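# Structural features, examined
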Amino acid sequence: MEKTEKYLKALEVLVDSDSFEYNKVYQTDKHNISTNRYCLVATPRFGEYGTKSHGFSVFYDIKEQIAKPIDILAVTDSLIKLELVDVFEEDEIDCDACGGCGEVYFDFYHNGKSYEVEADCPVCDGVIYKKSDKPATKDFKDGQFIKIGDMCFYPQRVKELVAVASIIGEDVLVVSQYGNATMFKIGDDVYFLMMKVRSCNPEEIISTFEL
Ligand SMILES: [Zn+2]
């Protein structure tokens, strides 16, 4: 794979197609950047992408400090240890009374006057979604965290780091823990910034990586 192709795939890990603001790769003077609000990937600048002048200061403010290697295979193993739960999608209910919107208008007559009332549809009870019978996917069970250095992270964030590291195919260094974030350097020129959780109970920490 060409280098820029790898960079693009790495950036796409954090592109959130459902988001209005975070659904694309952005470009600054020196980098291409993508973020899902919880993590950020920065690669060297290549190609042409839309610019964004604010929102990336957290990345540019962090200075390289500790530069310790982290064993990404061990980090990957720590994800395998976690408990998973089924995630169900919600199916839309087909209601021919309200057309699926869950609300209907009633006409109410009293003393020759008519009153119009909007209320829950009496046929479907206004419930327009129901939990699907079959799980669509699996997700990490709540209340499980991974600790790196002195910060705790949601496993989903760590999974994103592992995905980016595996695309780039290079060793991972922890370069800084500063404020609310940890910066990882992947190979020579890709950076991954991960926001810590505000707090977690010691008994919820499933794996710890000392720095
Ligand atoms: Zn209905």
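Residues numbered from 1 in each chain as written. Predicted model: local features only at pLDDT ≥ 70, side-chain atom pairs only at ≥ 80, totals over all residues.

Assigned secondary structure in the protein chain consists of four helices and 15 strands. Computed over its C-alpha atoms, the radius of gyration of the protein chain comes to 24 Å, more than 25% above the 17 Å expected for a compact globule of 211 residues. Taken along the three principal axes of its C-alpha coordinates, the protein chain extends 80 × 45 × 35 Å. Considering only contacts in the protein chain between residues 6 or more positions apart, those separated by 24 or more positions represent 62%. (Helix = DSSP H or I, 4+ residues; strand = E, 2+ residues; numbered from the N terminus. Rg over C-alpha atoms; globule rule 2.2 N^0.38 Å. Contact = placed C-beta atoms within 7 Å.)

This next bit is on the domain arrangement of the protein chain. The domain architecture assigned to the protein chain consists of domain 1 (3–85 + 137–209) and domain 2 (90–131). Taking the mean C-alpha position of each, domain 1 and domain 2 sit 46 Å from one another. (Domains from an automatic or database assignment.)

Further remarks concern the sheet that holds strand 11 (residues 151–153). One open sheet accounts for three strands, arranged 11-10-15; its pairing is mixed. Pairing within the sheet leaves two strands with one partner each, and these edge strands are strand 11 and strand 15 (205–209). Going across the sheet, the axis of each strand differs from the next one's by a mean of 25 degrees, ignoring polarity. In this structure, strand 10 (residues 145–148) lies alongside strand 15, joined through four bridges in parallel fashion. Paired with lysine 147 across the bridge in strand 15 is threonine 208. (Pairing = 2+ DSSP bridges. Axes fitted to C-alpha atoms, helices over the stretch in contact; angles between N-to-C directions.)

Attention shifts here to helix 4 (residues 155–168). Each α-helix turn comprises 3.6 residues. Residues three or four places apart therefore point the same way. Helix length check: helix 4, at 14 residues, gives a terminal C-alpha distance of 20 Å against a target of 20 Å (1.5 Å per residue), a fit within 8%. With respect to burial, helix 4 is a largely interior element, 10 of its 14 residues being buried. Residues Pro155, Arg157, Val158, Glu160, Leu161, Val162, Val164, Ala165, Ile167 and Ile168 constitute the buried set of helix 4. Glycine 169 sits one or two positions beyond helix 4 and adopts a positive phi of about 70 degrees. (Expected span 1.5 Å × (residues − 1). Buried ≥ 20, exposed ≤ 12 C-beta atoms within 10 Å, placed from the backbone.)

Residue position: glycine 187 is located in the loop between strand 13 (181–186) and strand 14 (190–195). Taking C-alpha positions, glycine 187 is 62 Å from tyrosine 105, a pair spaced 82 residues apart along the chain. Filtering out sequence-adjacent residues up to four positions away, glycine 187 remains in contact with Ile168 and Glu170.

With that settled, consider the nonpolar core. Taken as a class, soluble globular proteins show a tendency for nonpolar side chains to be buried jointly. With 37 residues, the main nonpolar core has Val41, Val164 and Phe192 as its most contacted residues. The set of elements that each furnish at least two residues to this core consists of helix 1 (3–12), strand 3 (39–44), strand 10, strand 11, helix 4, strand 12 (172–178), strand 13 and strand 14. A per-element tally of this core places helix 4 first, with seven residues. Not counting residues within four places of it along the chain, the set of residues in contact with phenylalanine 192 comprises Cys39, Val41, Leu161, Val164, Phe184 and Ile186. (Core = buried A, V, L, I, M, F, W, Y, C linked by C-beta atoms within 7 Å.)

Once that is clear, we can look at unusual backbone geometry. Here the phi dihedral of arginine 37 falls at roughly 85 degrees; this positive angle occurs in a residue that is not glycine. By secondary structure assignment, the location of arginine 37 is in the loop between strand 2 (31–35) and strand 3. A count of 12 C-beta atoms within 10 Å places arginine 37 in the exposed class. In the Ramachandran plot, alanine 67 falls in the positive-phi region, its phi being about 45 degrees despite a non-glycine side chain.

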